[in-house]
Amino acid sequence: MMQLKNIRVEKANRLILDAIHLQLNPGEVTVVIGVNGAGKSTLVRLLSGEWTPDAGEILWKGKALSGADPLQVARSRAVVNQQADLRFDFTVREVVEMGRFPLRQVSEKKIQEQVDAALSEVGLSDKSEARVTRISGGEQKRMLLARAMVQLTEARAEGQGVLLLDEPTAHLDLRHQETLLQSMRDRAAEGLAVFAVLHDLNHAARVADQLVIVHQGQILRSGAVEDVMCPELLSRIYGIRLERMAPPGHGPHWIARTARLQHHFFKPQSLQNHELIYTT
Amino acid sequence: MKALQAPHLKLWWVLIPLLVGTLFLSLSVGAYPLSLYKVADILKRVMFQGPQADIDASVLLSIRLPRVLFGAIAGAGLALGGVCMQTLFRNPLAEPGLMGLSSGAALAAATVSIFASQVPSLLANPFALPFAAFAGGLGITALVYRVSNQGGQLRVDAMLLMGIAMNALCGALIGLLLVIADDAQLRNITFWSFGSLGRADMKSTFVLACIMLFPIWGIWRQREAMNVLLMGEADAANMGVRVERLKFYLVTLSCLMVGLVVAMAGLIGFVGLVIPHIARLLFGVSHQTLVPASVLLGAMFLPLMDMLCRTAVAPAELPIGMMTSLMGAPFFIFLLLRKRAL
């Protein structure tokens, strides 16, 4: 669906990304992990077309992204950025309805159905008439996700499209993190190629079909979760001791330990089950 | 549609009768009073019986009607120009003057006013000053646009700074011209800079109306793209908006509208700032409602201000640019305080 071929990006004489090869496949969730400043968000900017690479090619359906019709691309590719830049007091519904912009063949009735469904999926049905500057950061994020889902109405029906998410779980509470992870899997099940930058290794391990570790502007390793998530490698990258635990009855999850600080990670029992039962 | 229908209905049902009422009131009130019944009667007679020769009809049709209609169209254009700039800069405090349009027009008008005496053909030509003002405003805006456009990308922050610099430069040059101007020229420039609808006739009103239809229609067609642009340029591009094309479109159309009004009526400030703000406070920020609301409120506001200018010190007149600021600013503050937006 989308492909990065031998990408190099420099900004102010600093190499941000180099020798990047990456393919986003339909029906797969690709997750990028790495430390701050590794170049993860630059990957999103490249895939969204916001930045152009200094070398290499970005391919959209086999052809150069830069030559593609923006409206056609927008019908099949939606982006949810890290933060929303909300300066005007739209209502939540008005923002979600903006997702209709690239859609020309979809009826008004269908759009409104999609808006209602998207608002319901992200849990904002009761806040649809709230002003966007008066809702929380997490609600803003969910609103943008709902807009992306409306934008991808045609792509979801056709089972081909790309959803780019830059740190989608940031600002979300535990329940909505779970909903979002489930939503990523659901979109992949619809046939979309989902690309997400995540910081939580447990989230990454659970949703990724393809996991990519970016470090110092390069792809250090990519592939299936079991092949990529090596405790020694991750400990070295993050500069913190990381262990893989496998409590009875659960999949593997990650616990970080340092001499100074101990992070407790919690693992929900079931991704499908929205009733939240946590074990330590 | 549920969310869009409510403000739309409110908008049309409230603003259109208000606009019609305002225009009738403006036609009725003046140094030579005409009752509302008389106004309606003359208009009816003209429509069904042809031209009327009595003095009431002459006052209404030759003086007041073109002036009121010109005011309505100019007000709509100025307000919509403000909407364009506020969308372009993604800032509700932006207005067309930020790009140097008004100061460029004022500099050209001052130059023509002072040097026209040395070129007799210029002095005799009634279109010299409006044409110079239009060209001056557009010229400065084009310069600001050109300098702010780097590598095919319009940098809005650079445009703002460049506009501030050009405003300062034009202001200084106007000051310099005022030093060498004689009393008559000084008076001419001062009155032009405060604006007036007094020069309006049916011909200029018809020309303004015909030209203004295109930018109004063009902006209405871009309402959804303008909404998306308010979410940020990167976001808009991700949604399929051709951002650079849209920015060029907004600059060009707002310059055309505001440039025409400034050229024909002089500087009328504050309308482009206050009317979109009031429209936003009353009907929301979506361009679906903001564009028609600004057009209708602008078309109401300017004839109303002109009516006050004509009657406050009748038979003399106050400059409309002064009145728009004098009345618009307190009303604006009142609305902001009422909505607790300050």
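Calculation rules
- In this convention, every chain numbers its residues from 1, walking through the sequence in written order.
- Following the order in which they are written, the chains are lettered starting with A and the ligands numbered starting with 1.
- Local features are withheld for residues below a pLDDT of 70 in this predicted model, meaning they are given only at 70 or higher, and side-chain atom pairs are given and counted only at 80 or more; totals for whole chains, interfaces and linings count all residues.
- Only heavy atoms go into the side-chain values, all of them from the structure, while hydrogens and water stay out.
- Secondary structure is summarised from DSSP: a helix means a run of H or I of at least four residues, a strand means a run of E of at least two, and numbering begins at the N terminus for each.
- We call a residue buried when its accessible area falls under 20% of the maximum for its residue type, exposed when it is over 50%, and partly exposed in between, using a 1.4 Å probe and counting protein chains only.
- The contact criterion used is simple: two residues touch if any of their non-hydrogen atoms lie within 4.5 Å.
- For every accessible area listed, the method is Shrake-Rupley and the probe measures 1.4 Å; residues are considered covered only by the protein chains on display.
- Buried area counts how much accessible surface, traced with a 1.4 Å probe, disappears from two parts once they are put together, with both parts' losses summed.
- The salt bridge definition used is simple: a Lys or Arg side-chain nitrogen within 4 Å of an Asp or Glu carboxyl oxygen.
- Gly counts as polar in this scheme, as do all residues outside two lists: the nonpolar Ala, Val, Leu, Ile, Met, Phe, Trp, Tyr, Cys and Pro, and the charged Asp, Glu, Lys and Arg.
- Only the six-membered ring of Trp is used, alongside the rings of Phe and Tyr, when aromatic pairs are assigned; centres must lie within 6.5 Å, and planes under 30 degrees apart are stacked while those over 60 apart are edge-to-face, with the rest tilted.
- Each ring is checked for a lysine NZ or an arginine CZ that lies within 6 Å of its centre and within 35 degrees of its normal; such an atom marks a charge sitting over the ring.
- An expected span of 1.5 Å times one less than the residue number is assigned to each helix.
- Along the chain, pLDDT gives the predictor's confidence residue by residue, from 0 to 100.
- In this analysis, axes come from line fits to C-alpha atoms, helices being fitted only over the stretch in contact, and the angle between any two N-to-C directions falls in the range 0 to 180 degrees.
- Note on angle classes: values under 35 degrees are labelled roughly parallel, values over 145 roughly antiparallel, values of 65 to 115 roughly perpendicular, and the remainder oblique.
- It is the rotation of the near helix from the far one that decides the hand of a crossing: anticlockwise by less than a right angle makes it left-handed, clockwise makes it right-handed.

### Structural notes on the overall build of chain A
So, point 1. Assigned secondary structure in chain A consists of 10 helices and 14 strands.
So, point 2. Expressed as a percentage of the 280 residues in chain A, the buried residues total 52%.
So, point 3. The long-range share in chain A, meaning contacts at least 24 apart out of those at least 6 apart in sequence, stands at 65%.
So, point 4. Roughly 12500 Å² of accessible area belongs to chain A as shown, and the carbon and sulfur atoms make up 45% of that amount.

### Quick look at the interface of chain B and chain A
So, point 1. Listed by partner, the interface residues are 24 residues for chain B and 30 residues for chain A.
So, point 2. Considering only the surface of chain B that becomes buried against chain A, Met231(B), Asn238(B) and Met239(B) emerge as the three largest contributors, covering 30% of it.
So, point 3. Where chain B touches chain A, the interface holds three salt bridges.
So, point 4. The closest approach of N and O atoms between Arg242(B) and Asp69(A), which form a salt bridge, is 2.9 Å.
So, point 5. Taken together, the elements giving at least two residues each to the side of chain B that touches chain A come down to helix 1 (2-28), helix 10 (223-229) and helix 11 (233-238) of chain B.
So, point 6. Sorting elements by how many residues they give to the side of chain B that touches chain A places helix 10 of chain B first, with four residues.
So, point 7. Partitioned by chemical class, the residues of the side of chain B that touches chain A number 13 nonpolar, six polar and five charged.

### Structural notes on the packing of aromatic side chains
So, point 1. This model, assessed by the stated rule, comprises one aromatic pair over all chains.
So, point 2. Look at Tyr145(B) and Phe248(B): their rings are 5.7 Å apart centre to centre, the planes differ by 70°, and that puts the pair in the edge-to-face class. Taken together, the positions of Tyr145(B) in helix 6 (residues 128-148) and Phe248(B) in helix 12 (residues 243-265) put the pair 103 residues apart, joining distant regions of the chain.
So, point 3. Residue class for Tyr145(B) comes out buried when judged on its relative accessible area of 13%.
So, point 4. Above the face of the Trp51(A) ring, Lys11(A) is positioned so that its terminal group lies 4.4 Å from the ring centre.
So, point 5. The residue whose ring lies beneath Arg223(B) is Trp220(B), and the NZ or CZ to ring-centre distance is 3.9 Å.

### Looking at helix 5 (residues 137-151) of chain A
So, point 1. In this model, helix 5 of chain A (15 residues) spans 21 Å end to end at C-alpha, consistent with the 21 Å of a helix rising 1.5 Å per residue.
So, point 2. Most of helix 5 of chain A is tucked away: 14 of the 15 residues are buried.

### Side note on the confidence of the model for chain A
So, point 1. Taken over all residues, the pLDDT of chain A has a mean of 86, while the share at 70 or more is 88%.
So, point 2. Segment residues 258-280 of chain A: pLDDT under 50, and 41 contacts once partners within four positions in sequence are set aside and those in other chains are kept.

### Thoughts on the packing of helix 9 (residues 202-221) of chain B against helix 14 (residues 287-312) of chain B
Residues and elements named next belong to chain B.
So, point 1. Interhelical geometry of helix 9 versus helix 14 gives an angle of 160° and a closest axis separation of 10 Å. Taken together, the axis directions place helix 9 and helix 14 in an arrangement best described as roughly antiparallel. As for how helix 9 packs across helix 14, the hand of that crossing is right-handed. Note on element contacts: helix 14 touches helix 9 through His-287, Gln-288, Val-291, Pro-292 and Val-295, opposite Ile-216, Ile-219 and Trp-220.

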